[in-house]
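Chain and residue survey
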Amino acid sequence: MDLFRKKSVDQLVAESTPLKRTMHTFDLTMLGIGAIIGTGIFVLTGKGALTAGPALMVSFLLAAVCCGFAGLCYAEFASMAPVSGSAYSYAYLAFGELIAFVIGWDLILEYALQAATVSAGWSGYFNKLLEGFGLHLPVELTAAYGTNPNTTTYFNLPGFVIVLLITWVLSIGINQTKKANDIMVLIKLAIIVLFIVCVIWYVNPSNWKPFAPYGIYQFQPGSTQPYGIVPAASIVFFSFIGFDAVSSSAEETVNPNRTLPRGILYSLVISTILYIVMTLIMTGVVPYEQFAQFIDAPVAGVILKTGMNWLAVIVNLGALIGMTTVMLVQLYGQSRICYAMSRDGLFPKFFGHVHEKYRTPFKGTWFFGLLTAFAGGFININVLFELVNIGTLSAFIIVSAGILWMRKTQPNAPRGFRAPGVPVTPILAIVFCFVLIAGLNWETWVRFAIWFGLGLIVYFGYSRKRSKLGLEQKPGLTPRSLRLRTEDCRLTDSRWLLS
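Not measured: the values here are computed from a predicted model.

Here we come to the overall build of the protein. Helices and strands together make up the secondary structure of the protein, namely 19 helices and 2 strands. Residues classed as buried in the protein amount to 61% of the 499 residues present. Considering only contacts within the protein whose residues lie at least 6 apart along the sequence, 82% involve residues at least 24 apart. When the accessible surface of the protein is summed, it comes to about 18,500 Å², and 67% of that surface belongs to carbon and sulfur atoms.

This brings us to the state of the cysteines. By the definition in use, this model includes 0 disulfides. In this structure Cys 433 is not part of a disulfide, and its nearest cysteine sulfur, from Cys 66, lies 3.6 Å away.

Another point: the packing of aromatic side chains. Under the definition given, this model contains 29 aromatic pairs. With centroids separated by 5.0 Å and ring planes inclined at 5°, the aromatic side chains of Phe 77 and Tyr 90 adopt a geometry described as stacked. On the criterion of sequence distance, the pair formed by Phe 77 in helix α4 (residues 56–80) and Tyr 90 in helix α5 (residues 87–94) is long-range, its members being 13 residues apart. Each member of the pair, Phe 77 as well as Tyr 90, carries the same accessibility label: buried. Relative to Tyr 288, the ring of Tyr 214 lies with its centre 6.3 Å away and its plane at 85°, an arrangement referred to as edge-to-face. With a gap of 74 residues between them, Tyr 214 in the loop between α8 (177–199) and β1 (218–219) and Tyr 288 in the loop between α11 (256–285) and α12 (298–306) connect regions that are remote in the sequence. With respect to burial, Tyr 214 and Tyr 288 carry one shared label: buried.

Let's shift gears to the packing of helix α6 (residues 97–132) against helix α7 (residues 157–172). Close contact between α6 and α7 brings their axes to 8 Å; oriented N to C, the two are set at 120°. When the axes of α6 and α7 are compared, the pair comes out oblique. Note on packing geometry: the crossing formed by α6 with α7 is right-handed. Here α6 contributes Ala 115, Ser 119, Trp 122, Ser 123, Phe 126 and Asn 127 to the contact with α7, which in turn contributes Pro 158, Gly 159, Ile 162 and Val 163. Among the residues making up the contact of α6 with α7, the classes are represented as 6 nonpolar, 4 polar and no charged.

A few words now on the packing of helix α2 (residues 25–36) against α11. Interaxial distance between α2 and α11 falls to 8 Å at its minimum, and their mutual angle equals 45°. Between α2 and α11, the angle is such that the two are oblique. As α2 runs across α11, the sense of the crossing is right-handed. Between α2, through Thr 25, Leu 28, Thr 29, Gly 32, Ile 33 and Ile 36, and α11, the contact on the second element is made entirely by Thr 259, Leu 260, Arg 262, Gly 263, Tyr 266, Ser 267, Leu 268, Ile 270, Ser 271 and Tyr 275. Class assignment of the residues belonging to the contact of α2 with α11 gives a composition of 8 nonpolar, 7 polar and 1 charged.

Every α-helix carries 3.6 residues per turn, so stepping three or four residues along brings you back to the same face. With 25 residues, α4 should cover 36 Å at 1.5 Å per step; its first-to-last C-alpha distance of 36 Å lies within 8% of that length. With 20 of 25 residues buried, α4 is to be regarded as a mostly interior element.

As for its placement among the helices and strands, Asp 182 is situated in helix α8. The contacts of Asp 182, once residues within four sequence positions are left out, are Phe 26, Asp 27 and Met 30.

The end-to-end C-alpha separation of helix α14 (residues 362–378) is 24 Å, in line with the 24 Å expected for 17 residues at 1.5 Å each. Within α14 the residues assigned to the buried category are Gly 364, Thr 365, Phe 368, Gly 369, Thr 372, Ala 373, Ala 375, Gly 376 and Gly 377.

Put simply, Lys 209 and Pro 210 share a cis peptide bond, and its omega is -5°. Within the secondary structure, Pro 210 sits in the loop between α8 and β1. The amide bond that connects Val 422 to the next residue, Pro 423, takes the cis arrangement and shows omega of 15°. As for its position among the elements, Pro 423 is in the loop between α15 (381–409) and α16 (424–438).

Rules and cut-offs
Residue positions are counted from 1 within each chain, in the order its sequence is given. Residues qualify for local features only when their pLDDT is at least 70, as the model is predicted, and side-chain atom pairs are given and counted only at 80 or more; totals for whole chains, interfaces and linings, by contrast, use all residues. Side-chain numbers come from the whole structure's heavy atoms, not from hydrogens or water. Per the convention used, a helix needs a DSSP run of H or I reaching at least four residues, while a strand needs a run of E reaching at least two, with both numbered from the N terminus. For the exposure calls, accessible area comes from a 1.4 Å probe over protein chains only, and a residue counts as buried if that area is under 20% of its type's maximum, exposed if over 50%, partly exposed in between. Any two residues having at least one pair of non-hydrogen atoms within 4.5 Å are treated as being in contact. Note that accessible areas follow from Shrake-Rupley with a 1.4 Å probe, and for residues the cover is restricted to the protein chains shown. Disulfide: a pair of cysteine sulfur atoms within 2.5 Å of each other. Pairing of aromatic rings covers Phe, Tyr and Trp, the last through its six-membered ring, and needs centres within 6.5 Å; plane angles under 30 degrees mean stacked, over 60 mean edge-to-face, and all others mean tilted. An axis is simply a line fitted to the C-alpha atoms; with a helix, the fit covers only the stretch in contact. Between two such axes, the angle follows the N-to-C directions and lies from 0 to 180 degrees. Roughly parallel here means an angle under 35 degrees, roughly antiparallel means over 145, roughly perpendicular means 65 to 115, and every remaining angle is called oblique. What makes a crossing left-handed is the near helix being turned counterclockwise from the far one by less than a right angle; a clockwise turn instead makes it right-handed. When residues are grouped by polarity, Ala, Val, Leu, Ile, Met, Phe, Trp, Tyr, Cys and Pro land in nonpolar, Asp, Glu, Lys and Arg in charged, and all others, Gly among them, in polar. By this rule the span expected of a helix is its residue count minus one, scaled by 1.5 Å.

Structural data, given as structure tokens:
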């Protein structure tokens, strides 16, 4: 069997599910912002400030430039093959089945662990909100084991519960997800603007000196964790990866050849501006060394520094809303990737089975929802987000390389959007991705290698023999099981909208 058998654009489009197309540029932009603006501002700014100092704004800009180049490549693929599956489908088109499976495996890691990581940040702000009303959870149930070195914790109960609630909502369908997401994102943006307007007056420019205390890249004595602008960029890169979930909504988008590229790029630009402004204000109010005291809720810590306790309640609420939209988009994207892989035979039929009433991949949604909830409940956030970053950067490299390959092999294929500056643009995307991967610590590389190895075991032990494309290419073979798989995984009801 050919490990690199490919799908054509016609095959991808023919297999697309007949969902109702209602998403426009505004909705896609809100979807992207909903996925991007959340953990980066409300959680990772604390860790990033400790790693780069006030130069964290340069780290955000570096990560944004990397995502911008990759985003242009995503936009071209999305306009050429407007189908669900995101980078998984694009890799199937450009490089074939084995590479597509590896990318799909990476995307599962990305979406599941990002949602788990966000749930940990969500928990921190939820606990702060409870404290504002004089309520307290047992400290042992407020975070995963080892999250706070000076506090004994065992389980992140709030994070566990919120993931289960979102999974339940996704499993039964969300007819008004688009409107709900738009509303929550607008509220989140309004609260961020309110924070900027109120806190900017407390900025002390002396807190920005030295601007880059750790330089570009260095190790501190006795530590294996790198410090500086590049390592911080590798950390906060996590903030931007939500834009690739926008491409998962291709089959719900009106005129996707044009609206998808706009939604991806607009959400990146708006989010980058907000990240830079917020970072400058936060490091201007609180000296970067002091963020160690507010590692789980840095924005709330900045507000406490100003003494505006009334604003803390509003910002905590905004953080909860913001991170809820992030988890919603990520878990939605994960369900679509798993569904697409099951439809192709690379995952068991269990993950692609559509509930007769809810018209959702009910079983698969709950399977990965439970795994995500337990990951957020038990695993340290510092382990989670770096593992997500290296998986996503690897996916970006494949998508960018895919544009180079498709321009060479199919230069005249219809494209509603063409990434400017090819081959320079995808090459720069690849270079920036490798730079950010180099900024991660070696333990993260080892964990990713283990995950990659597990993926190869799954592919050669299960997926390769059951691939729908492989079975179709066998002369004279049309197995009943293949026909049943196609029928089980096909969506025939447009009521499954963003579910």
